[in-house]
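Coordinates in review
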Amino acid sequence: MVCARFFVSGRVQGVFFRASTRQQALRLGLRGYARNLSDGRVEVVACGNAEAVSELEQWLWQGPPAAQVDEVVRSEHANITTDGFVLS
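About the criteria used
- Residues numbered from 1 in each chain as written.
- Predicted model: local features only at pLDDT ≥ 70, side-chain atom pairs only at ≥ 80, totals over all residues.
- Heavy atoms only, no water.
- Core = buried A, V, L, I, M, F, W, Y, C linked by side-chain atoms within 4.5 Å.
- Buried < 20%, exposed > 50% of the residue type's maximum accessible area, 1.4 Å probe, protein only.
- Helix = DSSP H or I, 4+ residues; strand = E, 2+ residues; numbered from the N terminus.
- Contact = heavy atoms within 4.5 Å.
- UniProt positions renumbered as here; feature names shortened; annotations may be inferred.
- Pairing = 2+ DSSP bridges.
- Axes fitted to C-alpha atoms, helices over the stretch in contact; angles between N-to-C directions.

**Some details on the nonpolar core**
Core analysis: the largest hydrophobic core is formed by 22 residues, its most contacted members being Phe6, Val8, Phe17, Leu30, Val44, Leu56 and Leu60. Elements that contribute at least two residues to this core include exactly β1 (2–11), α1 (17–27), β3 (42–48), α2 (50–60) and β4 (68–76). The dominant element in this core, judged by the number of residues it contributes, is α2, at five residues. Those residues within four positions of Leu30 in sequence are excluded, and the remaining contacts are Ala25, Ala46, Cys47, Gly48, Asn49, Ala52, Val53, Leu56, Gly84 and Phe85. Within the second largest apolar cluster, five residues are counted, among which are Cys3, Tyr33, Cys47 and Ile80.

Right, here's the structure in full:
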């Protein structure tokens, strides 16, 4: 199991980015959360199988149809205790 934190920048707020990320994460069997940040980025924390986390990372570069992703920055993250995938 791995946990990663992603900071996604670009046009990623107001385009259903968090909800679409949640759908992808649940499809991949990941736990974690997605939340909007005050600087316009979206923070995503995902924990689960390494391949699934990598697949979510690839998806984050595209996002939902209305998004325009400029950058995805990944860092390792400590394991989280939340069940499922939460939007905050």
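**What to know about the UniProt feature "domain: Acylphosphatase-like" (unreviewed entry) in the protein**
Per the UniProt entry, the sites bearing "domain: Acylphosphatase-like" (unreviewed entry) are residues 3–88 in this numbering. Taken end to end, residues 3–88 is 26% helix and 40% strand, and its two terminal C-alpha atoms sit 18 Å from one another.

**Concerning the sheet that holds strand β5 (residues 85–87)**
Pairing within the open sheet is mixed, and its five strands lie in the order β4-β1-β3-β2-β5. If you trace the sheet from one side to the other, it starts and ends with β4 and β5, each paired once. If you compare each strand with its neighbour and ignore which way they point, the axes differ by 15° on average. Pairing of strand β2 (residues 31–36) with β3, which is carried by six bridges, proceeds in the antiparallel orientation. Bridged to Gly32 within β3 is Ala46. Of the strands in this sheet, β1, β2, β3, β4 and β5 are in contact with α1, which crosses β5 at around 175°.

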